[in-house]
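# Structural characterization, general
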Amino acid sequence: LATMAEYSRKARVNLRPHFKNHAIVALADRQVKAGAIGITVARVRHAEALVEHGIHSILIANEIVDEQSVKRLLDLSRRAEIVVAVDNPKIVVDMGRLSRDAGHALNVVIDLDLGLARCGVPPKQSLNLARLALESGLRVRGLMGYEGHLQKLADNEESRRLRSAAAQTLVETRWAFEQSGIPVDIVTTGGTGTHKVFADYPGVTELQVGSYLLMETIYKPFAPDFQLGLTVLSTVVSKQESDRLVIDAGVKAISSERGMPAIKDKEGVHLTALHAEHGIVQITGSSTTLNVGDKVELWVAYSDATLHLHRQMYGARGETVEEVFKIEY
């Protein structure tokens with residue numbers, strides 16, 4: 001928390017951390033108190049939970065397309081600054097109509113595809129979409145572009161070139177907006193793996209960093225400034241052979257979607273498979289003393305897909321649990 005906040009201050013770029021990484025209001029509150037200007041979310045209900053707890057600047061970094069959800073955001077925008085990403089002309093027109101019905105304009109940012117090939121319009125189409133949004137009665141605040149495909153790359157000449165090109169696309173699009181008379185006060189992008197590259201680009205105003213706070217094993221090699229902090233606690237439930245044991249954490253407790261979790265502080269053992277309710281641990285060292293009933297902590301490989309499997313997270317210092325955090329669904 002302190003490391004990223006201090007980097008932001010020195011780089012003079014705003015932080016808008018992504019809530020999906022931890023989904024805990026108390027941690028979002030600490031991020032704001034440490035200097036973040038607001039929070040990024042992907043779900044309307046997460047925005048509602050944050051505003052309810054006093055966080056008053058929310059970016060919806062996702063396409064919201066159904067009328068009921070847009071109406072919920074319009075209602076929420078009476079209590080807080082709500083900014084929504086858009087990439088579709090029909091939805092822009094519909095949002096404009098609903099905004100007029102509600103009597104106030106919804107804030108939007110034009111979502112650019114920076115090569116991830118997920119959401120976002122091609123940069124050349126962004127200006128026309130912005131003009132349509134203005135004509136529809138929306139308030140265009142600027143641009144968003146997420147380069148998730150560039151987050152977990154080794155630091156070398158090619159990765160720096162690709163990341164710089166993505167940043168340049170955003171900045172050039174900003175210039176095109178401003179030259180067309182559309183003021184831009186938000187250019188939001190980046191993540192834990194790319195925060196240093198984007199912070200160096202004049203014209204980028206905020207970073208959507210997320211994983212840095214809890215950190216995960218798949219990210220750690222690409223974000224060495226931040227330490228692993230998130231584990232799942234499991235118990236050895238079976239040991240029938242000398243080279244294998246079984247723990248009570250499977251895919252219903254921890255994600256292996258983007259890599260196998262690692263065992264914390266235990267030498268000579270490694271997790272080889274996750275079943276529904278069990279994990280298979282291979283014993284490779286003769287010094288291993290784990291037996292049935294022993295506790296085993298697993299470093300989380302992919303936090304986004306693990307947190308939603310749980311209702312609570314425990315903040316521990318040494319052997320003492322100091323806090324219990326509610327995870328928002």
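Okay, so let's go over this structure.

Conventions adopted
- Residues numbered from 1 in each chain as written.
- Predicted model: local features only at pLDDT ≥ 70, side-chain atom pairs only at ≥ 80, totals over all residues.
- Heavy atoms only, no water.
- Axes fitted to C-alpha atoms, helices over the stretch in contact; angles between N-to-C directions.
- Helix = DSSP H or I, 4+ residues; strand = E, 2+ residues; numbered from the N terminus.
- Parallel < 35°, antiparallel > 145°, perpendicular 65-115°, else oblique.
- Left-handed = near helix turned anticlockwise from the far one by under 90°.
- Contact = heavy atoms within 4.5 Å.
- Patch = residues over 30% accessible without salt bridge, like charges linked within 9 Å, V, L, I, M, F, W, Y side chains within 5 Å.
- Areas by Shrake-Rupley, 256 points an atom, 1.4 Å probe, with all protein chains shown as cover.
- Salt bridge = Lys/Arg side-chain N within 4 Å of Asp/Glu carboxyl O.
- Buried < 20%, exposed > 50% of the residue type's maximum accessible area, 1.4 Å probe, protein only.
- Phe/Tyr/Trp six-rings, centres within 6.5 Å; stacked < 30°, edge-to-face > 60°.
- Lys NZ or Arg CZ within 6 Å of the ring centre and 35° of its normal.
- Arc of directions from axis to C-beta.
- Pairing = 2+ DSSP bridges.
- Polar contact = N/O pair within 3.5 Å; in protein donor to acceptor, adjacent residues only side chain to side chain.

## So, the packing of helix 3 (residues 44–52) against helix 4 (residues 67–76)
At a minimum axis distance of 10 Å, the contact between helix 3 and helix 4 shows a crossing angle of 15°. Classified by the angle between their axes, helix 3 and helix 4 sit roughly parallel to one another. When the axes of helix 3 and helix 4 are compared, the crossing they make is left-handed. Residues V44, R45, A47, E48 and V51 of helix 3 form the contact with helix 4, whose participating residues are S69, R72, L73 and L76.

## With respect to a nonpolar patch on the surface
The grouping of Y314, V321 and V324 at the surface amounts to a nonpolar patch, some 300 Å² of accessible area in total. Residue classification places V324 among the partly exposed positions, given a relative accessible area of 47%.

## Quick word on the packing of aromatic side chains
Inspection of the entire model under this criterion finds one aromatic pair. K152 extends its terminal NZ or CZ atom over the ring of Y219, reaching a point 4.3 Å from the ring centre.

## Here we look at helix 4
S69, V70, L73, L74 and L76 are the residues of helix 4 that are buried. For helix 4, the angular spread of the buried residues around the axis is 160°, confining them to a single face. Here the buried face of helix 4 lies against helix 3, strand 3 (57–63), strand 4 (81–86) and helix 5 (89–102).

## Remarks on the sheet that holds strand 9 (residues 231–241)
An order of 11-14-9-10-13-12 is seen for the six strands of this open sheet, with the pairing classed as antiparallel. Every interior strand has two partners, whereas the edge strands, strand 11 (262–263) and strand 12 (269–274), have only one. Pairing of strand 9 with strand 10 (residues 244–247), which is carried by three bridges, proceeds in the antiparallel orientation. Within strand 10, the position partnered with V236 by the bridge is I247.

## Brief notes about the environment of V92
Mapped onto the elements of the fold, V92 is located in helix 5. Note on V92: relative accessible area 0%, which makes it buried. Each C-alpha atom, one on V92 and one on D113, is 17 Å from the other, the two residues being 21 residues apart in sequence. With near-sequence residues (within four places) excluded, V92 lies in contact with V86, L129, L132, A133, S136 and L138.

## Here we look at the pattern of salt bridges
Enumeration according to the criterion identifies 21 salt bridges in this entry. With a closest N to O distance of 2.8 Å, R160 and D155 form a salt bridge. In this structure, E178 engages R174 in a salt bridge whose closest nitrogen and oxygen atoms are separated by 3.0 Å. Highlighted residues: E178 and R174, both in helix 7 (residues 157–179), separated by four residues, approximately one helical turn. You can call E178 partly exposed: its relative accessible area is 37%. Taken together, the shared-partner salt bridges connect E67, K90, D94 and R97 into one network.

## Side note on the side chain of R174
Overall, R174 belongs to the buried group, its relative accessible area being 16%. One polar contact links the side chain of R174 to the main-chain carbonyl oxygen of V184, over a distance of 3.2 Å. Sequence-distant contacts of R174, that is, excluding residues within four places in its chain, are made with L143, V184, V187, G203 and T205.

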